Amino acid sequence: MPGAVPLAVEQQRRKGIYVTPEQRKKISIVAPFYNEGESVDYFYKALCPVFSQVSEMDFEVVCIDDGSCDDTLKKLISIAERDPRFYIIELSRNFGKEAALTAGIDAATGDSVIPIDADLQDPPELIPQMINEWSKGAEVVLARRSDRSSDSYLKRKTAETFYRFHNRFSSIQIPDNVGDFRLMDRIVVDALKQLPEQHRFMKGLFAWVGFKTVTLDYVRNTRVAGATKFSGWKLWNFALEGITSFSAAPLKFWSYVGGFGALATFIYAIIIISRTLIHGVDIPGYASLLVAVLFLGSLQLISVGMLGEYIGRIYMETKNRPLYLIRKRYGAKQ
Ligand code: UDP
Ligand code: MG
């Protein structure tokens with residue numbers, strides 16, 4: 001019968017939720033993969049229920065292969081061949097999670113973007129709730145880990161100390177226990193893309209852009225397969241990155257140490273001079289001299305090292321190299 005409308009569309013129209021295909025919103029899910037061959041299939045299986053649950057919106061999944069040396073890329077390509085929602089970006093080498101995420105966010109075309117870890121530590125079941133908050137007007141929907149017992153004790157403690165230290169010394173407050181998993185409206189994503197820095201501490205950049213934010217709590221799962229890519233040393237560097245990217249406090253700190261040191265030395269000098277004038281020349285003093293010299297020497301080394309951290313970053317920024325290089329793109333959009 002000409003002009004007949006499908007039953008589902010008619011039902012949606014009656015409920016007032018029908019939108020034409022052009023009005024349908026699109027959600028981009030961005031996932032970085034680095035040697036996640038074992039997680040790929042789990043990841044796909046976990047996302048499928050989300051697609052059907054939020055059937056009134058379209059999805060695209062931007063997967064970034066961050067220079068994996070296992071079969072991650074092969075598996076991703078086979079998914080993209082089956083499912084047109086999947087779009088794969090292969091980077092030319094391992095650029096690190098932050099650069100991989102940036103590549104994905106740059107390529108995402110949705111009305112909102114959700115970065116998510118490929119190892120399912122960020123639960124995709126939360127996505128429908130995030131989209132719901134977004135539909136109600138939030139521009140950023142944060143997912144906060146209410147329980148981190150899946151992480152080791154040491155990791156939890158060091159993370160906690162990092163956030164406390166960072167937020168104390170930086171004017172930008174990074175919310176506690178919040179990772180990269182969040183929903184961002186297009187307006188936020190466009191703001192983020194304007195930030196030109198090479199050193200991309202994503203959590204800090206996300207916090208810097210601001211916007212209307214709603215927070216949801218979730219329980220952090222353990223990895224579905226494979227092992228973490230962040231060793232203790234990498235995490236330490238990551239923490240340094242975070243602090244030096246958003247705060248100059250460590251630089252200023254040394255001026256105060258220097259100031260107090262100078263004051264203490266001045267007082268001590270007065271004491272020694274008056275003692276010498278009153279009691280005459282005093283030979284002992286070798287130990288205190290050595291302690292003072294060594295102590296000040298090490299302070300100087302630390303402060304020069306601190307300067308080096310910042311100068312190194314300035315040096316890297318001035319090179320203005322691209323953040324990532326793409327070898328090839330696979331999937332419907334190419
Ligand atoms: N990842 C990446 N490039 C890297 C390291 C990690 O794309 O150089 C990805 C990794 O595949 C995962 C996410 O970043 O999807 C989080 O990494 P991981 O689970 O190892 O970190 P953790 O959860 O232990 O902090
Ligand atoms: Mg993980």
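As a reminder, the structure under discussion sits directly above these lines.
Residues numbered from 1 in each chain as written. Chains lettered and ligands numbered in written order. Predicted model: local features only at pLDDT ≥ 70, side-chain atom pairs only at ≥ 80, totals over all residues. Heavy atoms only, no water.

J.: Give me the site of ligand 1: which residues, what numbers.
T.: Around ligand 1, a shell composed of 19 residues is seen, among which Glu-36, Asp-66, Asp-119, Thr-228 and Lys-229 lie nearest. The separation between an oxygen atom of ligand 1 and a polar main-chain atom of Tyr-34 is 2.9 Å. The separation between a nitrogen atom of ligand 1 and a polar main-chain atom of Lys-97 is 3.4 Å. For ligand 1, whose free accessible area comes to 530 Å², the fraction covered by protein is 94%. Among the residues forming the shell around ligand 1, the class breakdown is five nonpolar, four polar and ten charged. (Near = heavy atom within 4 Å. Polar contact = N/O pair within 3.5 Å; in protein donor to acceptor, adjacent residues only side chain to side chain. Areas by Shrake-Rupley, 256 points an atom, 1.4 Å probe, with all protein chains shown as cover. Nonpolar A, V, L, I, M, F, W, Y, C, P; charged D, E, K, R; others polar.)

J.: Which residues make up the packing of aromatic side chains, and what values do they have?
T.: Summed over all chains, the structure comprises five aromatic pairs. Between Tyr-44 and Phe-86 the ring centres are 5.2 Å apart and the planes differ by 70°, which places this aromatic pair in the edge-to-face class. One end of the pair, Tyr-44, is in helix H2 (residues 40–53); the other, Phe-86, is in strand S3 (residues 86–91), with 42 residues separating them in the sequence. Given the relative accessible area of 1%, Phe-86 is considered buried. (Phe/Tyr/Trp six-rings, centres within 6.5 Å; stacked < 30°, edge-to-face > 60°. Helix = DSSP H or I, 4+ residues; strand = E, 2+ residues; numbered from the N terminus. Buried < 20%, exposed > 50% of the residue type's maximum accessible area, 1.4 Å probe, protein only.)

J.: Requested: an account of the coordination of the magnesium ion (ligand 2), with residues and values cited.
T.: The protein atoms donating to the magnesium ion (ligand 2) are Asp-119 (OD) and Gln-121 (OE1), with metal-donor distances spanning 2.0 Å. Exposure class is identical for Asp-119 and Gln-121. Each is buried. (Donors = N, O, S within 2.8 Å, 3.2 Å for Na, K, Ca; no water.)

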